[in-house]
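Here is what each chain is made of, one letter per residue.
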Amino acid sequence: MKLVTRFGHRIAGLALMLAFCLVVGSDANGTEKAQLRQAVKHFADREDDAAESMLLRLSEAGNSDAEVFLGFLYSDPLSPLWEPDKALLRFRQAAEAGNSEGMFQLAESHFWHTYRIFTRDGIQPPSGVTEEESSALLRQAVAEHHMGARLRLAIQCVIVGWACTDSERERSYSLPAGTRGTPRMAASVFAALRALREDDQERFSGNLGIGINSSDPLTLALIANSLLRDVERPGDCPERSSPYATFQAISEANGVEKIAPKWSERRLSDCYDPESVVRIKAEAATWLTSKVAGGAHAAWCFENEPENPAECIVTSLWDDVFSCTRVTMPMLFYLRAGKYLDRTSRYKHCREALIR
């Protein structure tokens, strides 16, 4: 009887110890989440020293999301803490810890030198992450179901011309619209491309309209130009009366050479006289203004540049999503802070810098 009682006491003691460990572990986990939320809030409010201090403590404790946000902090050229090499180290450490956002952002650093906010003073050289490493990291992140990586790989496979497998190119055309972490407009442009390839003009127009009205800045530089036609027939001048002339004008304003150098060789000025080019650009601005007035990203231009919102939109769309939101930073920010990035001081500061 004593043996049973002694055994029962040991079981009870072990149960209490386990319960205590679970409670302590739960409290520690809750505390870590609260600390990360507070650190991210400092980041959003541009309280960079406070953000760095908290994020460093969390990263030392093994929090890979803290590593990612340190990468965001050190890679912001508007921050006094800007130090690209440190950013790369943090993204790499997050990636090595299995963090798919770290994998994606390290891969994306290969394209940093194409971001206007990094090059406005000619201060951002290539990151040192090669095309081969970027490609491998993107594929690794895609395997982890990272939608930003899938989007970038789709752009590189279909538009830029990276060496991709047939299955990767086919998956690019079926990028799911509205998936968490994927700009809806980006998904819509590939859906439009798929419809164009299948010669389904009605579905093409529908997807194009969805993308434009979503007003995500990422791919106006893709859809608002003749790339949609050039995928099939590169090198032709757009007909003056076709929407492709309008698309080409917006494309040039967004810097099409950033994503598709082989299509940037032909300009409107190669196809039309100067007076016609001026008219096409004016029509493009009017068309764009009518399409994106309600969009979240475009709304900033209408609120802050009411005299000429179209010019503001046209000249900052591509840079907005890459420089200010890093494609998928808004989703991670929302998940960790419960707030929208485009309502923060950091985002607004970046937007103002882009259109100056």
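Residues numbered from 1 in each chain as written. Predicted model: local features only at pLDDT ≥ 70, side-chain atom pairs only at ≥ 80, totals over all residues. Heavy atoms only, no water.

A. How the structure looks around the overall build of the protein chain. On a plain count of helices and strands, the protein chain comes out with 20 helices and zero strands. Put simply, 62% of the contacts in the protein chain that link residues at least 6 apart link residues at least 24 apart. (Helix = DSSP H or I, 4+ residues; strand = E, 2+ residues; numbered from the N terminus. Contact = heavy atoms within 4.5 Å.)

B. Representation of the nonpolar core within the structure. Membership of the largest hydrophobic core comes to 63 residues, with the highest contact counts inside it found for Leu55, Phe69 and Phe72. Considering every element that reaches this core, the biggest residue donor is helix H8 (residues 147-160), with nine residues. Residue contacts for phenylalanine 69: discarding those within four places in its chain leaves Val40, Phe43, Leu55, Leu332, Phe333 and Arg336. Membership of the second largest hydrophobic core comes to eight residues, among which are Ala245, Ala249, Ile250 and Leu268. (Core = buried A, V, L, I, M, F, W, Y, C linked by side-chain atoms within 4.5 Å. Buried < 20%, exposed > 50% of the residue type's maximum accessible area, 1.4 Å probe, protein only.)

C. Geometry of the pattern of salt bridges. One pass over the structure, following the stated rule, counts 11 salt bridges. With a shortest N-O distance of 2.5 Å, arginine 336 and aspartate 65 are connected by a salt bridge. Of this pair, arginine 336 sits in helix H19 (residues 329-337) while aspartate 65 sits in helix H3 (residues 64-74), and the two are 271 residues apart along the sequence. (Salt bridge = Lys/Arg side-chain N within 4 Å of Asp/Glu carboxyl O.)

D. Fine view of the side chain of histidine 42. Within the secondary structure layout, histidine 42 lies in helix H1 (residues 2-44). On the basis of relative accessibility, which here comes to 15%, the residue histidine 42 falls in the buried class. Discounting chain neighbours no more than four positions away, the residues touching histidine 42 are Glu47, Ala50, Ala51 and Met54.

E. The arrangement of the packing of aromatic side chains in detail. The full count for this structure, using the stated rule, is six aromatic pairs. Between phenylalanine 43 and phenylalanine 69 the ring centres are 5.7 Å apart and the planes differ by 70°, which places this aromatic pair in the edge-to-face class. Note that phenylalanine 43 is positioned in helix H1 and phenylalanine 69 in helix H3, a separation of 26 residues in sequence. As far as the burial class goes, phenylalanine 43 and phenylalanine 69 line up, both buried. Here phenylalanine 91 and tryptophan 112 contribute two aromatic rings whose centre-to-centre distance is 6.5 Å and whose plane-to-plane angle is 65°, an arrangement assigned as edge-to-face. Residue phenylalanine 91 is found in helix H4 (residues 84-96), and its partner tryptophan 112 is found in the loop between helix H5 (100-108) and helix H6 (116-119); the two are separated by 21 residues along the sequence. (Phe/Tyr/Trp six-rings, centres within 6.5 Å; stacked < 30°, edge-to-face > 60°.)

F. Representation of the environment of glycine 62 within the structure. Considering the arrangement of structural elements, one finds glycine 62 in the loop between helix H2 (48-60) and H3. By relative accessible area, glycine 62 is classed as exposed at 60%. In this structure the C-alpha to C-alpha distance between glycine 62 and alanine 97, which are 35 residues apart in sequence, comes to 8.7 Å.

G. Expanded view of the state of the cysteines. Under the defined criterion, the tally for this structure stands at two disulfides. Paired by a disulfide, cysteine 324 and cysteine 350 hold their sulfur atoms 2.0 Å apart. Taking the sign of the S-S torsion, about -85° here, the bridge from cysteine 324 to cysteine 350 comes out left-handed. Of the two residues, cysteine 324 sits in helix H18 (residues 309-324) while cysteine 350 sits in helix H20 (residues 345-355), which places them 26 residues apart along the sequence. Grouping residues by exposure puts cysteine 324 and cysteine 350 together as buried. (Disulfide = S-S within 2.5 Å.)

H. A look at helix H7 (residues 131-143). With 13 residues, H7 extends 18 Å between its outermost C-alpha atoms, agreeing within 8% with the 18 Å of an ideal straight helix rising 1.5 Å per residue. For H7, the set of buried residues is Ser134, Ser135, Leu137, Leu138 and Ala141. For H7, the angular spread of the buried residues around the axis is 165°, confining them to a single face. Set apart from the buried face of H7 by more than 90 degrees, the exposed residues are Glu132 and Ala143. Turning to H7, the residues buried within the fold contact H5 and H8. Histidine 145 lies just past H7 and shows a positive phi near 65°. (Expected span 1.5 Å × (residues − 1). Arc of directions from axis to C-beta.)

I. Representation of the packing of H7 against H8 within the structure. Close contact between H7 and H8 brings their axes to 8 Å; oriented N to C, the two are set at 135°. Classified by the angle their axes make, H7 and H8 are oblique. Regarding H7 and H8, the two cross each other, and that crossing is left-handed. Along the contact surface, H7 presents Leu138, Arg139, Ala141 and Val142, while H8 presents Ala149, Arg150, Arg152 and Leu153. In terms of residue class, the contact of H7 with H8 is built from five nonpolar, no polar and three charged. (Axes fitted to C-alpha atoms, helices over the stretch in contact; angles between N-to-C directions. Parallel < 35°, antiparallel > 145°, perpendicular 65-115°, else oblique. Left-handed = near helix turned anticlockwise from the far one by under 90°. Nonpolar A, V, L, I, M, F, W, Y, C, P; charged D, E, K, R; others polar.)

J. Just H5, in detail. Of all nine residues in H5, eight are buried, a share of seventy percent or more. With a side-chain oxygen positioned 2.9 Å from the backbone nitrogen of glutamate 101, the residue opening H5 is asparagine 99. (Polar contact = N/O pair within 3.5 Å; in protein donor to acceptor, adjacent residues only side chain to side chain.)

K. How the structure looks around the environment of aspartate 342. Within the secondary structure, aspartate 342 sits in the loop between H19 and H20. Residues aspartate 342 and threonine 325, 17 residues apart in the sequence, show an inter-C-alpha distance of 8.2 Å.

L. Geometry of the packing of H3 against H4. Where H3 meets H4, the axes come as close as 8 Å, and the angle between the chain directions of the two elements is 160°. The angle between H3 and H4 falls in the class roughly antiparallel. When the axes of H3 and H4 are compared, the crossing they make is left-handed. Counting all contacts with H3, which are made through Ser64, Glu67, Val68, Leu70, Gly71, Phe72 and Tyr74, the residues of H4 involved are Pro84, Lys86, Ala87, Arg90, Phe91, Gln93 and Ala94.

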